[in-house]
Structure formats: structure tokens, C-alpha cells
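So the chains spell out like this:
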Amino acid sequence: MASGICSYLPELLCTFPSIDNNLLRAFKKSVDSGFKSFVRAYGDTLDAAVQPLQWFLNWLQDLFVDAPWILFLLALAAIIHFTGRNVRITIGTIVAMIAIGLIGLWEDTMVTLAMVTVCTLMAIVIGIPIGILMARSDRAQSMVNPILDVMQTMPSFVYLIPVVMIFGIGKVPGLIAVVIYAIPPMIRLTNLGIRLVDREVLEAADAFGSSSRQKLFNVQIPLALPTIMAGINQTIMMSLSMVVVASMIGVGGLGKNVLQAITNQFFTIGFLNGFALVAIAIMFDRTSQAFGKRLQKHTEVIHG
């Protein structure tokens, strides 16, 4: 039917116009060559710049893996109980971690926890200042939002290409790819939380002679903390989901086991490692939600 209609119409209306193949090929070649030249010129400098990150990740991973399991479990339970103040979440965490250890995935879980911890810390350190900048400047928000849109919609495998070309195979390239994938919620929710602070509260702060810095740290950030905590929660969830993809470039832990299970079609291995990832995700999710609710109640008592 379509070919019959096209026989009566100009070819331009039936065949979508496209850039000349030779021109497009030359463009792709020039971009690839330029990126490779950039990597050759600055690759060593970039490697040196991320070396402290490599040291920190290795130190934290060794700390988690080498620590006696009972001490780590007690410390983790204490941190979660102090953060969430919920006995059920604390008991659930202990039961889940014991179950992970019983199926022989304790060490891999420690590696994954170290990776997610470093990714979350990086996302907080980088994301919160950018979110604050966006909240204080509409122009900055209009510039950063399209970048965040690309970061959130770009297929996660695409992040691995430039990272591997620059840094090669290893933990740090995987860490960088995970942070790029997981940081947008941190930035967006920080921006949103600060922008949602009641104007009357800000006017009261102005009336008391607060400077912009004092308003930010004494009023806006405390009131926006529940929303910022939601951003941290989402960052953790996205980091865990990206760990499996990042295992393709040398990130160990549970993600590597899942990838091997997919390659070799081992259903049980994949399911057990998936269970461990789900347990970690639920543990972090419930804890951060409980902490966010505590912050919300605290701000309601003070400012309500």
C-alpha cells in the first residue's frame, strides 16, 4: 500500500532525507580520533587525579572484608538502629546479613557494600552543592536540568564506553560509571527540597537579619533534609542496580556473580546473589526512610 502511494509522490516525501554517509562517517571518525587524542594526552593526568579514590575504595573494601564478621554485623546493626531508631529494621538487617553469610556470599557482599558506600558518599559530596546552586539560580537550573535528563535516560551501558577508554578496566572506572548513573536524584531532590522551603520562614529569617549563608545552613538545608534524604535513598537504590552492569569492567562483588550466572545460565547462583542485592537494597531503603521520617517530625516540632 505504502509503495503504491509512493509511486505517485516525489521520492523526497517517501524516503526520509539523511546526511550523506561519507560526511557522517567522516564526522564519526573525527570525533573518535579527537577523543582518543584527548585520552592519550591527558589519560595519565586523569589516572593520577582519581588515584586517591582508588586508595580510599581499596582501604574501605579491605576494612569490610577483613573485619571479623561478628564485629561488622554489630557495628552495622548499631548504625542502622541509631539512624532509624526502629527495632524491626535492625532485627531484619541482622537476619538478612546472617542469611547472606550462610549462603556463602559474605565477602562478595562486603565488596558491594564498600562500592555502594563510596558511590553514595561521592554522590552526596558532588550532588548536594550542585543542587544548592540550582536552587539559588534559575539560570543554573536551566543549564543543569538538560544534562541530568541525558544522564537519567542514557542507557547505562553507554557510560562504560568513555570511562573504559579513559581509565581502562578496574574498580575506579566502574565507580565513576555508577556515580554518573546514580547522582541525578541527589541533585534534583536537593534542588527541590530547598525550593520548597516555605517563603514565610525565609522572610522571618530575613527579618532577623540572617545572611544568605545563614539562611542556607540554618533554615533551608535543615527544612529540606527529608527531601535530601529521599535523594540519598534513590542514589543508593540506583547504585545497587548499576553494580551489576559495572561488573562488566572489573567491579567485583555480587554484580560479578550475577553476570557470571547470566553468562553460564546458572539460575540458583543468580537468584541467591540477586537475593543478597535485594536484601541490601531493602535494608538501606527502610533505614533511610525511617531517618527521613524522624527528620520530618523534628522539623515539624521546631517549625510547626
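Residues numbered from 1 in each chain as written. Predicted model: local features only at pLDDT ≥ 70, side-chain atom pairs only at ≥ 80, totals over all residues. Heavy atoms only, no water.

K.L.:
So what's going on with the side chain of N191? Residues and values would help.
P.N.:
Note on placement: N191 falls in helix α9 (residues 171–195). Those residues in contact with N191, other than ones at most four positions away along the chain, are G131, M134, A135 and Q141. (Helix = DSSP H or I, 4+ residues; strand = E, 2+ residues; numbered from the N terminus. Contact = heavy atoms within 4.5 Å.)

K.L.:
Just give me the short version of the nonpolar core, but keep the residues and values in it.
P.N.:
Grouped together as the largest cluster of nonpolar side chains are 66 residues, with contacts concentrated most on F72, M97, L113 and L175. The element best represented in this core is helix α6 (residues 106–136), accounting for 13 residues. (Core = buried A, V, L, I, M, F, W, Y, C linked by side-chain atoms within 4.5 Å. Buried < 20%, exposed > 50% of the residue type's maximum accessible area, 1.4 Å probe, protein only.)

K.L.:
Provide a residue-level description of a nonpolar patch on the surface, including the pertinent values.
P.N.:
A grouping of I98, L102, I103, F267, F271 and F275 is seen on the molecular surface, where their side chains present a nonpolar patch of about 660 Å² in accessible area. Of all the elements in the fold, those that place two or more residues in the nonpolar patch are α5 (87–102) and α13 (267–303). When residues of the nonpolar patch are assigned to their parent elements, the largest contribution, three residues, is made by α13. Relative to the helices and strands, L102 resides in helix α5. (Patch = residues over 30% accessible without salt bridge, like charges linked within 9 Å, V, L, I, M, F, W, Y side chains within 5 Å. Areas by Shrake-Rupley, 256 points an atom, 1.4 Å probe, with all protein chains shown as cover. Salt bridge = Lys/Arg side-chain N within 4 Å of Asp/Glu carboxyl O.)

K.L.:
Could you give an account of the packing of aromatic side chains, with specific residues and numbers?
P.N.:
Enumeration over the complete set of coordinates arrives at six aromatic pairs. Their ring planes at 25° and their centres at 6.1 Å tell us that F56 and W59 sit as a pair that is stacked. Here F56 pairs with W59, and both are found in helix α3 (residues 21–66), just three residues apart, close to one helical turn. Judged by its relative accessible area of 34%, F56 falls in the partly exposed class. Seen from their ring centres, F267 and F271 are 6.1 Å apart, and the 25° between their planes marks the pair as stacked. Taken together, the residues span about one helical turn, with F267 and F271 both in helix α13 at a distance of four residues. Judged by its relative accessible area of 54%, F271 is exposed. Every member of this aromatic cluster is reached through a ring pair, and the members are F35, F38 and Y42. (Phe/Tyr/Trp six-rings, centres within 6.5 Å; stacked < 30°, edge-to-face > 60°.)

K.L.:
Lay out the packing of α6 against helix α7 (residues 138–153) in plain terms, naming residues and giving numbers.
P.N.:
Closest axis-to-axis distance for the α6/α7 pair is 6 Å, and the angle between their directions is 130°. Classed by the angle they form, the pair α6 and α7 counts as oblique. For the pair formed by α6 and α7, the contact residues are I130, L133, M134 and R136 on the first element and D138, A140, Q141, V144, N145 and L148 on the second. (Axes fitted to C-alpha atoms, helices over the stretch in contact; angles between N-to-C directions. Parallel < 35°, antiparallel > 145°, perpendicular 65-115°, else oblique.)

K.L.:
I'd like a rundown of the side chain of T83, residues and numbers included.
P.N.:
With respect to the helices and strands, T83 occurs in helix α4 (residues 69–84). A distance of 2.7 Å separates a polar atom in the side chain of T83 from the backbone oxygen of I79. Apart from residues no more than four positions distant in its own chain, T83 is found in contact with T287, F291 and R294. (Polar contact = N/O pair within 3.5 Å; in protein donor to acceptor, adjacent residues only side chain to side chain.)

K.L.:
Please give an account of the packing of α4 against α5 that cites residues and values.
P.N.:
Across the interface, α4 lies against α5 with an axial gap of 9 Å and an inter-helix angle of 155°. Classified by the angle between their axes, α4 and α5 sit roughly antiparallel to one another. Crossing hand, α4 versus α5: right-handed. Facing α4, whose interface residues are F72, L73, L76, A77, I80 and H81, α5 presents V87, I89, T90, T93, I94, M97 and I98. Its residues assigned to classes, the contact of α4 with α5 shows ten nonpolar, three polar and no charged. (Left-handed = near helix turned anticlockwise from the far one by under 90°. Nonpolar A, V, L, I, M, F, W, Y, C, P; charged D, E, K, R; others polar.)

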